[in-house]
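Observations on the model geometry
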Amino acid sequence: MERTRLLVILISTFLNSITLSGSELLVHDYYKEKCPLAEDIVRHNVEVAVLKDPRLAASLLRLHFHDCFVMGCDASVLLDSVEGMTSEKLAGPNLNSLRGFEVIDKIKYLLEEECPVTVSCADILAMAARDAVELRGGPRWEVLLGRKDSLESSFSGANLFIPAPNSSLEALIDSFKQQGLDIEDLVALSGSHTIGRARCLSFRQRIYEAKEEYHYGYDRYKRYTNFRRILKSMCPVEGRDNKFAPLDFQTPKRFDNHYFINILEGKGLLGSDNVLISQDLYGKITEQVWAYASSEKLFFASFAKSMIKMGNINVLTEIEGEIRRHCRFVNA
């Protein structure tokens with residue numbers, strides 16, 4: 001069964017390189033008549049959650065990303081394991097890492113009270129990601145709505161398609177290309193690392209393997225050396241796997257363009273951050289990074305555009321999928 005599901009995913013990623021299936025059926029104000037308070041309910045509850053725990057902003061954004069990169073933006077990441085189907089939550093990139101499920105559960109409960117079987121879990125994820133970014137100082141964009149929820153998850157797909165924190169630039173480009181996203185999308189969406197934290201397990205390799213691609217290539221003012229010393233104090237060679245460090249040491253709780261300044265200085269926390277510069281052989285990505293580092297307005301506009309594009313990956317609409325009554329389980 002899992003091999004069949006994986007084959008379906010591989011076919012769908014090929015189709016994504018041609019067209020973002022179903023996205024033309026998504027519209028603005030989809031719930032204006034069906035559930036007028038839908039977006040207000042989502043925003044209010046995201047706001048309450050983020051005020052209580054600012055980390056949840058990055059967590060909700062990451063949930064949407066990890067959902068869309070496996071079978072498309074269909075809320076498959078929210079499904080719990082049942083007999084014959086292993087949850088994506090248990091896959092390597094997600095296990096003990098993804099957060100925010102309870103926030104989505106609460107929003108879904110309230111929406112079911114207001115408008116039963118109307119607002120999909122996939123749309124909730126898209127709206128919650130947008131609101132989380134805005135609440136931390138980032139841009140706001142109009143989310144296209146009308147997605148349906150998947151009937152299955154893919155444990156193997158989550159292990160295969162979600163980029164690793166130590167990915168090479170070539171691997172990152174290929175991963176995004178499989179989803180119909182280009183290099184400009186890769187750079188813009190990497191800017192989401194301006195908020196959130198990562199576990200020692202995710203950046204240990206970046207500290208202790210002295211590879212050229214993990215830093216800018218020179219260290220004239222010892223900035224990279226000093227930053228590495230700080231990281232070593234937080235993350236030893238062994239142990240403390242779950243010790244957290246902010247992805248952006250300068251403004252960890254604010255969504256801004258400082259991430260791009262960091263990687264220009266070789267201060268990206270993850271190996272996959274620094275390779276945007278160190279492995280950019282032709283300079284095109286470096287130019288884009290410099291542009292975003294110089295203009296937060298430009299970064300915000302590009303990020304919003306790429307988020308809309310990502311949110312349209314292989315969506316289910318009309319008779320495809322369903323609107324789940326509970327985001328953790330398919331309807332009986």
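Structure shown above.
Scope of this entry: the structure provided in the associated data block. (Residues numbered from 1 in each chain as written. Predicted model: local features only at pLDDT ≥ 70, side-chain atom pairs only at ≥ 80, totals over all residues. Heavy atoms only, no water.)

Description of the overall build of the protein
The helix and strand tally for the protein stands at 14 helices and two strands. Each of the 332 residues in the protein was classed as buried or not, and the buried ones make up 54%. Long-range pairs, those at least 24 residues apart, make up 79% of the contacts in the protein with a sequence separation of at least 6. (Helix = DSSP H or I, 4+ residues; strand = E, 2+ residues; numbered from the N terminus. Buried < 20%, exposed > 50% of the residue type's maximum accessible area, 1.4 Å probe, protein only. Contact = heavy atoms within 4.5 Å.)

Digging into the side chain of Arg 147
Tracing the sequence through the fold places Arg 147 in the loop between α5 (121-135) and α6 (155-161). Of note is the side chain of Arg 147, whose polar atom sits 2.7 Å from the backbone oxygen of Leu 144. Excluding anything up to four places from it in sequence, Arg 147 contacts Leu 26, Cys 73, Ser 120, Ala 122, Asp 123, Ala 126, Gly 311, Asn 312, Val 315 and Leu 316. (Polar contact = N/O pair within 3.5 Å; in protein donor to acceptor, adjacent residues only side chain to side chain.)

Here's the deal with the pattern of salt bridges
Summed over the entire model, instances satisfying the criterion amount to 15 salt bridges. In this structure, Arg 130 engages Glu 39 in a salt bridge whose closest nitrogen and oxygen atoms are separated by 2.8 Å. Residue Arg 130 is located in helix α5, and its partner Glu 39 is located in helix α2 (residues 38-52); the two are separated by 91 residues in the primary sequence. Relative accessible area serves as the criterion here: at 0%, Arg 130 is assigned to the buried category. Classification of Glu 39 by relative accessible area gives partly exposed; the value is 24%. The partner of Glu 134 in a salt bridge is Arg 43, with the nearest N and O atoms 2.8 Å apart. On the criterion of sequence distance, the pair formed by Glu 134 in helix α5 and Arg 43 in helix α2 is long-range, its members being 91 residues apart. For Glu 134, a relative accessible area of 24% puts it in the partly exposed group. Overlapping salt bridges, with partners in common, bring together Glu 39, Arg 43, Arg 130, Asp 131, Glu 134 and Arg 140 in one network. (Salt bridge = Lys/Arg side-chain N within 4 Å of Asp/Glu carboxyl O.)

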